[in-house]
Amino acid sequence: MNSGKRGVEKAEVRLKWDPSAWNLPPHHLDIIAATYSLDAPHGKPVYIVHFDSRSPDGTINMSRHSQTGQGFGYVEVMTLELDRLASSFARVVVGVVIHQNSGRKTFGDLSNAGVQVVEGYEELLKDDFTQVSASTAATVAEFTRDATAAWNFHRMIRGFGSDPVVFSAEMGSTP
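Here, residues in each chain are numbered from 1, in the same order as that chain's written sequence. Under the rules for a predicted model, residues below a pLDDT of 70 receive no local features and side-chain atom pairs below 80 are neither given nor counted, while totals for whole chains, interfaces and linings still include all residues. In computing side-chain properties, one takes all heavy atoms of the structure into account and sets aside hydrogens as well as water.

Chemist: Where do I start with the overall build of the protein in this structure?
Modeler: Summing up its helical and strand segments, the protein has one helix and 10 strands in all. Tracing the protein from N to C terminus, the helices and strands come up as β-β-β-β-β-β-β-β-β-β-α. In this treatment the radius of gyration is a C-alpha quantity, and the globule benchmark scales as 2.2 Å times the residue count to the 0.38 power. Since a compact globule built from 175 residues should have a radius of gyration of about 16 Å, the 16 Å found for the protein is in line with a globular shape. Across its three principal axes, the protein shows a C-alpha extent of roughly 55 × 35 × 30 Å. Working definition: with a 1.4 Å probe on protein chains only, accessible area under 20% of the residue-type maximum means buried, over 50% means exposed, and in between means partly exposed. Counting over 175 residues, the protein shows a buried share of 50%. Pairs of residues are marked as contacts when any of their non-hydrogen atoms sit within 4.5 Å. Partitioning the intrachain contacts of the protein with sequence separation of at least 6 by distance along the chain shows that 67% fall at a separation of at least 24. Note on areas: Shrake-Rupley with a 1.4 Å probe; residue coverage comes only from the protein chains shown. Accessible area for the protein stands at about 8700 Å²; split by element, carbon and sulfur atoms hold 51% of it. Under the scheme used here, helices are H or I runs from DSSP no shorter than 4 residues and strands are E runs no shorter than 2 residues, and both carry numbers assigned from the N terminus.

Chemist: Would you mind going over the sheet that holds strand 3 (residues 47-49) with me for this structure?
Modeler: Within a sheet, adjacent strands bond to each other through the backbone by hydrogen bonds, running parallel or antiparallel. In spatial order, the strands read 3-2-6-9-10; together these five strands make up an open sheet with antiparallel pairing. Two strands close off the open sheet at either side, each with one partner strand: strand 3 and strand 10 (151-160). Between one strand axis and the next, the sheet turns through 20 degrees on average, direction left out of account. Bridging between strand 9 (residues 137-145) and strand 10 involves eight bridges; their strand directions are antiparallel. Bridged to R145 within strand 10 is W151. Criterion used throughout: strands pair if DSSP finds at least two bridges between them. Whenever a helix is involved, its axis is fitted only over the stretch in contact; in every case the axis is a line through C-alpha atoms, and angles between N-to-C directions fall within 0 to 180 degrees.

Chemist: Just to check I follow, could you spell out the pairing of strand 7 (residues 114-119) for this structure?
Modeler: Consecutive residues of a regular strand have side chains that alternate between opposite faces of the sheet. Counted residue by residue, strand 7 has six buried out of six residues, so it is predominantly covered. Both faces of strand 7 are covered, namely the face carrying G114, Q116 and V118 and the face carrying V115, V117 and E119. Sheet analysis places strand 1 (residues 10-16) next to strand 7, joined by five bridges and oriented antiparallel. Note that in strand 7 the partner of E12 across the bridge is V118. Sheet topology note: the strand 7/strand 8 (residues 122-127) ladder contains five bridges and is antiparallel. In the strand pairing of strand 8, E119 is matched with E122.

Chemist: Explain the packing of aromatic side chains here, please?
Modeler: The way to describe two aromatic rings as a pair is by their centre distance and the angle between their planes. Centre distance within 6.5 Å is the pairing criterion for rings of Phe, Tyr and Trp, where only the six-membered ring of Trp is used; planes under 30 degrees apart are then read as stacked, over 60 as edge-to-face, and the remainder as tilted. Scanning the model with the defined rule gives four aromatic pairs in all. Centroid distance F107 to F129: 4.3 Å. Interplanar angle 5 degrees. Geometry classified as stacked. Placement of the pair is F107 in the loop between strand 6 (89-98) and strand 7 and F129 in the loop between strand 8 and strand 9, with a sequence separation of 22 residues. By relative accessible area, F107 is classed as buried at 4%. Between F143 and F153, the aromatic rings sit 5.6 Å apart at their centres with planes inclined by 55 degrees, giving tilted as the arrangement.

Structure follows, in C-alpha cells:
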C-alpha cells in the first residue's frame, strides 16, 4: 500500500551527553549541518549551520543548544525543514563535533553520549558513537534529494579526527 509520503520532509537531530566532572573543563559538543548544491553534491558546502547560525532561508536552525551537556535527555536540537529547501540543493550532511579547547577529547572520553534523528514520531537513527569512539567528530546522517525531488535519509556514521572548522569543510567528502 502506498502511503503517498514523499520522503523526509522535516527532521530533527538531537544530541545528548553527560556533563564533565565538576573539577574538569566542560565537554562542549555541537551539531553541524552542511548543504550541497546539485552542481557539486560532494564539493564545497553552499553553507554550514551550527550553534550560532542558521540557514539563510531559515530552513535549518538550532532550537536548543548546550555548551556543557547539562539538562535532561537531549540537550541540543537542530531542525531541518527539507521540504522547504530550494530545489538547487541535492544533499545535506549532518555531523557532531567535540570542541577541543581544553585538550583532545574523543567520543570515547564522554559518558552517555548519543544522537537521535527523528521525523515526527518516527526514529530514523539512534547511535551512541561507540563505533567512532576514537574520533573527535563524526557525520551521522545524510539526506539526499532523488529524481522525484523527495528527500531520503541515509545513516552515515563516519569518524574524523578534526576540530570544528576543519570538520565543517571535510564532513561531506566521499570516504
